[in-house]
Amino acid sequence: IFFIKNSDKGNKQVFFDVPQEYLTERQQKLPQPVINRFGEEAGAERIQVRKINLPDLSEPGRLDRRAQFSLFLPEHRKLAGRLIQIFMGMRTLDDFLSAAVYARSHLNPYMFVYAYSVALLHRDDTRNAHLPPLAELFPEKYVNGDLFARAREEANTVINPEQRVPLVIPKDYTASDLEDEHKVAYFREDLGINLHHWHWHLVYPFDAPREIVDKDRRGELFYYMHQQVLARYNMERFSNGMQRTKRLLNLREPIPEGYFPKLDSLVSSRVWPARTANTKLSDIARESDQIQFDLQDIERWRDRIYEAIHTGAVVDANGGRVPLTENEGVNILGNIIESSILSPNRALYGDMHNFGHIAIAFSHDPDNRHLESFGVMGDSTTAMRDPVFYRWHAFVDDIFQEHKRTLPPYTQQQLDFPGVRVKNLEVRTAGAGNPNQLFTFWQQNDMDLSRGLDFTPRGSIFARFTHLQHRPFTYRFTVENNLPGQREGYVRIFMAPKFDERGAPMQFRDQRVFMVELDKFPINLSQRSQNVERRSTMSSVTIPFERTFRNLDANRPQGGAQLEQFNFCGCGWPQHMLIPKGTAQGLPVQLFVMITDYSKDRVDQPLDGMCNDAASYCGVRGQRYPDRRPMGFPFDRNGRQGVDSLRSFLTGNMFVQDVLVKFQDKIEAPAGRNVTAFRG
Ligand code: CUO
């Protein structure tokens, strides 16, 4: 069980002294040294797990230990929700630990880790606890299956962990170049992106005790975070000469995109099912998963949601009319569409987005005749690997956009910040001669597999994977403040492709949904004219590279320990994916900066809480979303009459700069890492 109490423990091993009764029968029969081998470590901390009056775990215990676990399945949600409730209800930290230890050995491990993580994130007494990266607990959800056989072989052959070589995961292992969609596999299968998605859904569960689900603007954030994923994915597609994502509009048509995940499940010894090209969706009737619905249900919910949007109101469970207002509408729709338990009327509007995930995830075996479990779309840990994820979410996003299109466009007055003028804007990459160029390349990094895999002989074993990276850069702009007195501005930075698929300049109504948020931060506007500089690594969208890969090299001879000092909050777009890959010649993009009145946008609350550095997509833990404007402002709506391009949209407090994103096709080791030393 993982439960490292505080960062000051560094990488010290913790040994849990567990009451015999808390182990499974099988574990009780194992010789002691195998169970407590961590305790043999010199200096390991010993934690006594107390025997308590255990809570009744029979309900969550109904899920088979070897089953795959999916939050999209209502039955699994219910069982996990019950377990979260039990964990949240444990009165003291010690009681919580005891219940968790017992649950860890007796319940389904995926459900356990999910419920335990949610409880850890939401209990007052565990807020500072560390959550190890899921990729290390369940590496099988992130790396290709054959790696584990190779890892075991390496562990058995090379006893001294210091001498083991990292196992290289090929950059292209899920498909070949014959498959066009494979060009963006590096995005879909990126470890950091998938970890972000898992963490997001952990922080914003749609079914759990109400006090956990009911977070400030969570429905709107569901819309915005996924909208931004799509905007980013589309810019990535443009970088690779592909068309934008097509919405999965027709559930009756074959889905041309196939996906073969090549992931193994280590819990149930099975391979994650694939979906062949041109698979058709079907009605789902799977007794063993207690799930049955027709595609028509999804279509009916969709039609009712569209009707609500077009009439400007939803109908709540008592038949009352709840208007979809400018400010609240998108939040209500988010809870309806996802759907979460905050949906005002689940009987009427159903469970559209979640059931779409299920219909796709079971398309290879809709009635369980082959006894196959769900594909990657059935699990938020793995869903983003599949091209169809983006098609489904493009459809979902367009429903939100339909609502946004009914809202009045922003007026000049709503956009401008009188007296404040942005005079210029550029980006500088260190070492590059010309301004307004960004550079991307491949980088390698290592992940420790030994947490999630039980090796004997033990010790770290690393998988080496390749991911996109960019050179750090700096935004620079000049702001004038022509009105007297000290004022504060809120700087909003976005980027979007300049041209569409055919090379034509993008129209505003098109480009606004391609706008990718890069950063947002307050500044003081005290002087008449000032130069502002901001580093790309400060982004309010991302978490630092070290946090995505925290602990990945913690057991290394050097470099690992200081990574521990980062507060671990895993939700946040990975810094290494901040900008798209671009092209060799340079992908033309438009960089946009806007300064709004912070005194109007600010939310008054202390901002010294944890997890506030990736607030744009993740919010701030335990607090309100730190911006009063609609998420995505000013691009969440269509422009006024006559606004057909980004330039015609501009008011004096905005500026646009053309930038090229250049891709350099080479693989680099991470900066400052002495790889050969590790090889011994
Ligand atoms: Cu994040 Cu569909 O909501 O996967």
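Relevant structure appears above.
Here we summarise the structure given alongside this text.

1. What about the overall build of the chain?
Each helix and strand counted, the chain has 23 helices and 20 strands in total. Each of the 680 residues in the chain was classed as buried or not, and the buried ones make up 60%. By element, 47% of the accessible surface of the chain is carried by carbon and sulfur atoms, the whole surface being about 27000 Å².

2. Remarks on the pairing of strand β13 (residues 473–481)
On a regular strand, one side chain projects to one face of the sheet and the next to the other, so that they alternate. Of all 9 residues that make up β13, 7 are buried, and the element is covered over most of its length. Summarising the sheet, strand β10 (residues 420–429) and β13 pair through 9 bridges and their orientation is antiparallel. The residue bridging Arg421 from the neighbouring strand is Glu480, located in β13. Examined bridge by bridge, β13 and strand β16 (residues 529–535) share 7 bridges and lie antiparallel to one another. Looking at β16, one finds that Thr474 is bridged to Arg535.

3. What about the sheet that holds β13?
Paired through backbone hydrogen bonds, the strands of a sheet run either parallel or antiparallel to each other. An order of β10-β13-β16 is seen for the 3 strands of this open sheet, with the pairing classed as antiparallel. Whereas interior strands pair on both sides, the edge strands pair on one side only; in this sheet they are β10 and β16. In this sheet, adjacent strand axes meet at a mean angle of 20° when their direction is disregarded.

4. Concerning the packing of aromatic side chains
Enumeration according to the criterion identifies 37 aromatic pairs in this entry. Ring plane angle 85° and centroid distance 5.2 Å describe the contact between Phe473 and Tyr475, whose orientation is recorded as edge-to-face. For the pair formed by Phe473 and Tyr475, the shared burial category is buried. Each residue in the set Phe187, Trp200, Tyr204, Phe222, Tyr223, Tyr224, Tyr233, Phe389, Tyr390, Phe400, Trp573 and Tyr617 is aromatic and connected to the rest through ring pairs, giving one cluster. Taking NZ or CZ as reference, Lys215 lies 5.6 Å from the ring centre of Tyr204, over its face. Above the plane of the ring of Phe663 lies Lys581, whose end atom (NZ or CZ) is 4.6 Å from the centre.

5. Some remarks on the environment of Thr24
Tracing the chain through its elements places Thr24 in the loop between β1 (14–17) and α1 (25–29). The sequence separation of Thr24 and Arg535 amounts to 511 residues, and the corresponding C-alpha distance is 52 Å. Once residues lying within four places of it in the same chain are set aside, the contact partners of Thr24 are Arg65, Ser105 and His106.

6. Focus on the state of the cysteines
Across all of its chains, the model carries 1 disulfide by this definition. Two residues share a disulfide in this structure: Cys571 and Cys618, whose sulfurs sit 2.1 Å from each other. Torsion about the S-S bond of the Cys571 and Cys618 cystine: about -80°, corresponding to left-handed handedness. Remark: Cys618 occurs in helix α21 (residues 615–618) and Cys571 occurs in the loop between α19 (545–548) and β18 (573–574); sequence separation between them is 47 residues.

7. Notes on the pattern of salt bridges
Here the structure, examined in full by the defined rule, presents 45 salt bridges. Arg237 serves as the salt-bridge partner of Glu181, at 2.9 Å between the closest nitrogen and oxygen. With Glu181 in the loop between β3 (167–168) and α8 (185–188) and Arg237 in helix α11 (residues 218–239), the pair connects residues that are 56 residues apart, well separated along the chain. The burial state of Glu181 is the same as that of Arg237; both residues are buried. Arg252 is paired through a salt bridge with Glu299; the nearest N and O atoms lie 2.7 Å apart. Note that Arg252 is positioned in the loop between α11 and β4 (264–265) and Glu299 in helix α12 (residues 295–311), a separation of 47 residues in sequence.

8. Some details on α12
Helical geometry note: an α-helix holds 3.6 residues per turn, so side chains three or four residues apart project in the same direction. Spanning 17 residues, α12 covers 25 Å between terminal C-alpha atoms, matching the ideal 24 Å at 1.5 Å per step. Turning to α12, its buried residues are Leu295, Asp297, Ile298, Glu299, Trp301, Arg302, Ile305, Tyr306, Ala308 and Ile309. Against the buried residues of α12 lie β7 (291–293), β8 (313–315), α13 (329–338), α14 (346–349), α15 (352–361) and α16 (387–405). Just downstream of α12 lies Gly312, where phi reads positive at about 80°.

9. Observations regarding the nonpolar core
Counting 154 residues, the largest nonpolar core has Phe87, Ile298, Ile305, Met352 and Trp392 as its most contacted members. Per-element tally for this core: the top contributor is helix α5 (residues 109–122), with 11 residues. Contacts of Ile298, omitting those with residues within four sequence positions, involve Leu251, Phe293, Met352, Phe355, Gly356, Ala359 and Trp392. One finds Phe473, Val491, Phe521 and Leu587 within the second-largest nonpolar core, a separate group that totals 30 residues.

Thresholds, definitions, all that
Residues numbered from 1 in each chain as written. Predicted model: local features only at pLDDT ≥ 70, side-chain atom pairs only at ≥ 80, totals over all residues. Heavy atoms only, no water. Helix = DSSP H or I, 4+ residues; strand = E, 2+ residues; numbered from the N terminus. Buried < 20%, exposed > 50% of the residue type's maximum accessible area, 1.4 Å probe, protein only. Areas by Shrake-Rupley, 256 points an atom, 1.4 Å probe, with all protein chains shown as cover. Pairing = 2+ DSSP bridges. Axes fitted to C-alpha atoms, helices over the stretch in contact; angles between N-to-C directions. Phe/Tyr/Trp six-rings, centres within 6.5 Å; stacked < 30°, edge-to-face > 60°. Lys NZ or Arg CZ within 6 Å of the ring centre and 35° of its normal. Contact = heavy atoms within 4.5 Å. Disulfide = S-S within 2.5 Å. Salt bridge = Lys/Arg side-chain N within 4 Å of Asp/Glu carboxyl O. Expected span 1.5 Å × (residues − 1). Core = buried A, V, L, I, M, F, W, Y, C linked by side-chain atoms within 4.5 Å.

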